[in-house]
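# An overview of the molecular structure
As a plain string of letters, each chain reads:
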Amino acid sequence: MTAAIGVIGAGAWGTALAQVAAGNGHELRLWARDPALVAAINDTHENAAYLPGIPLSPNIRATNDLADMADAAANLIVTPAQAMRGVLAQLPADAQPLVVCCKGIEAHTHRLMSEVAQEQHPASPVLVLSGPTFAHEVARGLPTAVTLAGEDEATRTLLATAIAAPHFRPYATADVIGAEIGGAVKNVLAIACGVVDGAGLGQNARAALIARGFAEMTRFGLARGARAETLAGLSGLGDLVLTCSSTASRNFALGMGIGRGEPAAALLANRRTVAEGAHTAPVLREVAQAMGVEMPITDAVCRLLRGEEVRGVIDALLARPLREE
């Protein structure tokens with residue numbers, strides 16, 4: 001792949017992916033909605049707003065015109081999940097691959113992000129990139145492995161080659177649904193683990209929550225047609241462990257604040273970046289209930305996001321009937 005690669009979304013993760021692909025010698029077009037951010041990236045070769053202190057490749061050119069992405073060999077979509085449909089509606093239609101790199105479920109349609117992308121651009125092959133990734137580590141060149149999911153093997157191979165680097169290793173799968181579900185559900189579970197940490201409930205409780213959360217993710221994923229091995233891989237269990245264990249996770253940090261007694265609404269209002277799990281949780285609960293899938297941790301997160309008292313929600317979760325694992 002020698003043509004330009006587009007990255008749509010210039011937050012921390014989009015900029016980190018642009019840095020990886022640009023390091024392979026590709027011309028990289030990085031789209032941002034904010035003209036001031038575009039000018040700052042082009043003038044200083046740094047995204048000081050989202051990845052301060054990391055010099056960006058000279059191969060990266062920022063733009064706020066989606067028409068500039070029309071002839072890219074592939075476009076990586078790294079917008080907030082709930083904004084993705086609106087951005088894709090403005091992207092000039094073509095048949096180049098779209099790689100969904102955002103994690104969530106669309107609120108008003110209950111569609112996965114890959115399904116939204118396919119609806120908006122039916123002629124384009126749609127892939128999903130997901131896995132345990134903190135943007136600042138990827139941008140600094142620290143070792144990272146991800147899942148690249150797509151139905152067509154040739155397209156997967158082409159994209160994997162384009163974005164792979166010595167420190168950034170994509171593992172391929174045809175299981176698009178599994179890769180997406182892992183990324184969406186783990187954000188909700190990371191909020192729950194942050195609550196455990198913020199409330200001072202200890203490491204035992206967090207380990208139990210990760211394990212039971214993974215069981216919850218697996219139940220939902222299998223019901224939606226995902227493969228068990230995908231959910232147990234990088235985009236499922238791998239991403240779950242990362243985001244449930246570090247304050248660098250926006251979702252975990254949100255949960256920590258809730259666990260300390262801060263109002264969820266105030267925490268969300270004061271954030272510059274998006275904690276996707278807060279948007280995904282109520283949608284996930286609705287979809288799970290419609291499918292008859294039990295997700296008690298997701299339900300507890302929804303109650304906390306609505307402002308219910310932490311102790312009461314935790315006590316209710318612990319009071320559930322005993323059952324076999």
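Above this text sits the structure in question.
The text that follows walks through the structure, step by step, so that each part is easy to find.

Before going further, it helps to examine the sheet that holds strand β7 (residues 144–149). If you trace the 8 strands from one edge of the open sheet to the other, you get β3-β2-β1-β4-β5-β6-β7-β8, paired in mixed fashion. With one partner strand each, in any of the chains shown, β3 (60–63) and β8 (168–173) form the two edges of the open sheet. Averaged over all pairs of adjacent strands, the angle between strand axes in this sheet comes to 25°, irrespective of strand direction. Bridging between strand β2 (residues 28–31) and β3 involves 4 bridges; their strand directions are parallel. Along β3, the bridge assignment pairs Arg29 with Arg61. Across the sheet, helix α1 (residues 12–22) is in contact with β1 (5–8), β2, β3, β4 (74–77), β6 (126–130) and β8; its angle to β2 comes to roughly 175°.

Taken as a whole, the largest pocket spans an internal volume of roughly 1000 Å³. As for the largest pocket, its lining consists of 37 residues, and the residues nearest its centre are Gly11, Ala12, Trp13, Val78 and Arg250. Listed by contribution, the elements that provide at least two residues to the lining of the largest pocket are α1, α5 (135–139), α7 (176–198), α10 (234–243) and α11 (250–259). Of the residues contributing to the lining of the largest pocket, the split by class is 18 nonpolar, 11 polar and 8 charged. Lining the second largest pocket we find 25 residues, and of these Leu209, Arg212, Ile297, Leu317 and Leu318 sit closest to its centre. Among the elements of the structure, α7, α8 (203–223), α14 (296–305) and α15 (310–318) are those that each provide at least two residues to the lining of the second largest pocket. Examining the composition of the lining of the second largest pocket, we find that 6 residues originate from one element, α8, more than from any other. Tallied by class, the residues present in the lining of the second largest pocket amount to 18 nonpolar, no polar and 7 charged.

A word on unusual backbone geometry. Not every positive phi belongs to a glycine, and His45 is a case in point at roughly 55°. Note that His45 resides in the loop between α2 (35–44) and β3. Look at His110: it is not a glycine, yet its phi comes out positive at around 65°. Assignment of secondary structure puts His110 in the loop between β5 (98–100) and α4 (113–120).

Relative to the elements of secondary structure, Ala3 occurs in the segment before β1. Given a relative accessible area of 34%, Ala3 falls into the partly exposed group. Sequence separation between Ala3 and Ala74 is 71 residues, and the spatial gap between their C-alpha atoms is 8.7 Å.

The periodicity of an α-helix, 3.6 residues per turn, causes residues three or four places apart in sequence to face the same way. Within α2, burial applies to Leu37, Val38 and Ile41. Along the axis of α2, the buried residues cluster in a sector spanning 105°; they form a single face. Every exposed residue of α2 that faces more than 90 degrees away from the buried side is listed here: Ala36 and Asp43. For α2, the secondary structure elements touched by its buried residues are β2 and β3. Two or three places before Ala36, at the start of α2, stands the capping residue Asp34, its side-chain oxygen 3.0 Å from that residue's backbone nitrogen. Downstream of α2 by one or two residues, His45 has phi in the positive range, about 55°.

Secondary-structure assignment places Thr298 in helix α14. Assessed through its relative accessible area of 0%, Thr298 is described here as buried. At a separation of 2.8 Å, a polar atom in the side chain of Thr298 contacts the side chain of Glu216. Once you skip the residues sitting within four places of it in the chain, Thr298 turns out to touch Val188, Glu216, Ala281, Leu284 and Arg285.

Those residues of α15 that sit buried are Val310, Val313 and Ile314. For α15, the angular spread of the buried residues around the axis is 95°, confining them to a single face. Packing partners of the buried residues in α15 comprise α7, α11 and α14. Measuring from the backbone nitrogen of Arg311 back to the side-chain oxygen at the start of α15 gives 2.9 Å, which picks out Glu309 as the cap.

We now examine the nonpolar core. Of all hydrophobic cores here, the largest spans 45 residues; its most connected members are Val185, Phe220, Leu254, Ile258 and Leu305. Looking at this core, the elements with two or more residues in it are α7, α8, α11, α12 (264–269), α13 (276–291), α14 and α15. Per-element tally for this core: the top contributor is α7, with 11 residues. Ignoring anything within four residues of it in the chain, the contact list for Leu254 reads Ile191, Leu267, Leu268, Arg271, Ala275, Ala278 and Leu305. Counting residues in hydrophobic clusters, the runner-up holds 39 residues, among them Trp13, Leu28, Ile60 and Leu76.

Before going further, it helps to examine the pattern of salt bridges. Tallied over the entire structure, the rule returns 15 salt bridges. Between Arg29 and Glu27 there is a salt bridge, and its shortest N-O distance comes to 3.1 Å. Judged by relative accessible area, which is 11%, Arg29 ranks as buried. Using a relative accessible area of 37% as the deciding quantity, one classes Glu27 as partly exposed.

Calculation rules
- Residues numbered from 1 in each chain as written.
- Predicted model: local features only at pLDDT ≥ 70, side-chain atom pairs only at ≥ 80, totals over all residues.
- Heavy atoms only, no water.
- Pairing = 2+ DSSP bridges.
- Helix = DSSP H or I, 4+ residues; strand = E, 2+ residues; numbered from the N terminus.
- Axes fitted to C-alpha atoms, helices over the stretch in contact; angles between N-to-C directions.
- Contact = heavy atoms within 4.5 Å.
- 1 Å grid on protein atoms, 1.4 Å probe; cavity = no way out; pocket = protein on both sides within 12 Å on 5 of 7 lines; lining within 4 Å.
- Points joined across faces, edges and corners; volume = space filled by probe spheres on them.
- Nonpolar A, V, L, I, M, F, W, Y, C, P; charged D, E, K, R; others polar.
- Buried < 20%, exposed > 50% of the residue type's maximum accessible area, 1.4 Å probe, protein only.
- Arc of directions from axis to C-beta.
- Polar contact = N/O pair within 3.5 Å; in protein donor to acceptor, adjacent residues only side chain to side chain.
- Core = buried A, V, L, I, M, F, W, Y, C linked by side-chain atoms within 4.5 Å.
- Salt bridge = Lys/Arg side-chain N within 4 Å of Asp/Glu carboxyl O.

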